[in-house]
Amino acid sequence: MKKYLAFLSVILMLALAGCGQEGEKASNPPAGDSKAPVSDTAEPTAEPTPEPAATGNKVVDYKVDLPEGFEPIDQPGMEACWYNGADQSNVNLGLADRDSTTDLGFKTITADLLRTTLEAAFKAEGMEVELKDRYFTKDEVCGLPAYQYSYEMELDGGQHMTQIVVSINADKTYTFTFTTSSSDMVPVFDESAKNIQLTLE
């Protein structure tokens, strides 16, 4: 089960990385002006780099309230991961570098886009997954653009899981993912996801 949760986290990170790019493709035709040829010039590549430093968006530390019993573990592809052996729930943090699609991705992201991207990612791995939205918000985290997406999923073999994703647009994209199959852990994770703290400079 622990290996399965790690696999879910990696799938999630890959799917979310693709979301920003899909959001840009969907948004470019209507925009149609100076932002459309972003990929044709070298200038926009330099734009995102100085922005975090200029606006004080560099994250130097973070704090997540973890329930009792969660211990840190190594998980490839994740900045940090905490795992509860008793109920096999986990919390992890993935980082992704900013690029020219990041800001637009955060502006255009929707629950529908996230859901269809995740379902496609699972299907590509040969897994049929049914996702049911719990909530989607775009509440800021520590004054930074962010979104919160939570859903329930039915996996092959009847396994039921709940995930909460909190993605934050800072000097990098910080994505905290809470995964559990325990109904008792869901409200605890909901509360923890609301109280993520970042230290910025």
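Since the structure is predicted, the reported quantities are computational estimates derived from the model, not experimental observations.

Analysis parameters
- The residue numbers shown here count from 1 along each chain, following its written sequence.
- Since the coordinates come from a predicted model, pLDDT governs what is reported: local features require at least 70, and pairs of side-chain atoms require 80 or more to be given and counted, while whole-chain, interface and lining totals use all residues.
- The basis for every side-chain value is the complete set of heavy atoms in the structure, and neither hydrogens nor water enter the calculation.
- Salt bridge, as used here: a side-chain nitrogen of Lys or Arg that lies within 4 Å of a carboxyl oxygen of Asp or Glu.
- Only protein chains enter the accessibility calculation, which uses a 1.4 Å probe. A residue is then buried if its area is under 20% of the maximum for its type, exposed if over 50%, and partly exposed in between.
- Counting from the N terminus, the helices are the DSSP runs of H or I reaching at least four residues and the strands are the DSSP runs of E reaching at least two.
- By definition here, a helix of n residues has an expected span of 1.5 Å times n minus one.
- Stacked, tilted and edge-to-face pairs are distinguished by plane angle, under 30 degrees for stacked and over 60 for edge-to-face with tilted covering the rest, among Phe, Tyr and Trp rings (Trp via its six-membered ring) whose centres lie within 6.5 Å.
- When DSSP finds two or more bridges between a pair of strands, those strands are recorded as paired.

1. Quick notes on the pattern of salt bridges
Here the structure, examined in full by the defined rule, presents seven salt bridges. For D103, the salt bridge is made with R98, and the minimal N-O distance between the two is 3.3 Å. Look at D103 and you get partly exposed, because its relative accessible area is 27%. You can call R98 buried: its relative accessible area is 15%. Taking the shortest distance from any N to any O, the salt bridge between D190 and R134 comes out at 2.8 Å. Residue D190 is found in helix α6 (residues 185-194), and its partner R134 is found in strand β5 (residues 130-137); the two are separated by 56 residues along the sequence. On the basis of relative accessibility, which here comes to 14%, the residue D190 falls in the buried class.

2. Observations concerning unusual backbone geometry
In the Ramachandran plot, Q88 falls in the positive-phi region, its phi being about 65° despite a non-glycine side chain. Positionally, Q88 belongs in the loop between β3 (80-83) and β4 (90-97). The phi torsion at C142 lies on the positive side, around 50°, for a residue other than glycine.

3. Quick notes on helix α5 (residues 111-124)
Note that an α-helix has 3.6 residues per turn; residues three or four places apart therefore point the same way. Relative to the 20 Å expected for 14 residues at 1.5 Å per residue, α5 spans 20 Å between its end C-alpha atoms, a close match to the ideal helical length. Residues of α5 that are buried include every one of A111, L113, L114, R115, T117, L118, A121 and F122, and no others. Where α5 terminates, the next one or two residues include G126, which has phi positive at roughly 80°.

4. A few points about the packing of aromatic side chains
Going through the model one piece at a time under the given rule, you end up with seven aromatic pairs. The interplanar angle of 70° and the centroid separation of 5.9 Å between the aromatic rings of Y62 and F176 together place this pair among those described as edge-to-face. With Y62 in strand β1 (residues 59-63) and F176 in strand β8 (residues 172-180), this pair connects stretches of sequence that are 114 residues apart. One aromatic cluster in this structure is built from F106, F136, Y147, Y149 and Y151.

5. Here's the deal with the sheet that holds β4
With respect to topology, seven strands assemble into an open sheet ordered β2-β3-β4-β8-β7-β6-β5, the strand pairing being antiparallel. Both edges of this open sheet fall to β2 (71-72) and β5, since each of them pairs with a single strand only. Relative to β8, β4 runs antiparallel, the two sharing eight bridges. In the strand pairing of β8, G94 is matched with T175.

6. Concerning the environment of Y83
As for its position among the elements, Y83 is in strand β3. With a relative accessible area of 11%, Y83 lands in the buried category. Between the alpha carbons of Y83 and P72 there is a distance of 6.3 Å; along the sequence they are eleven residues apart.

Any functional reading would require information that these geometric values do not contain.
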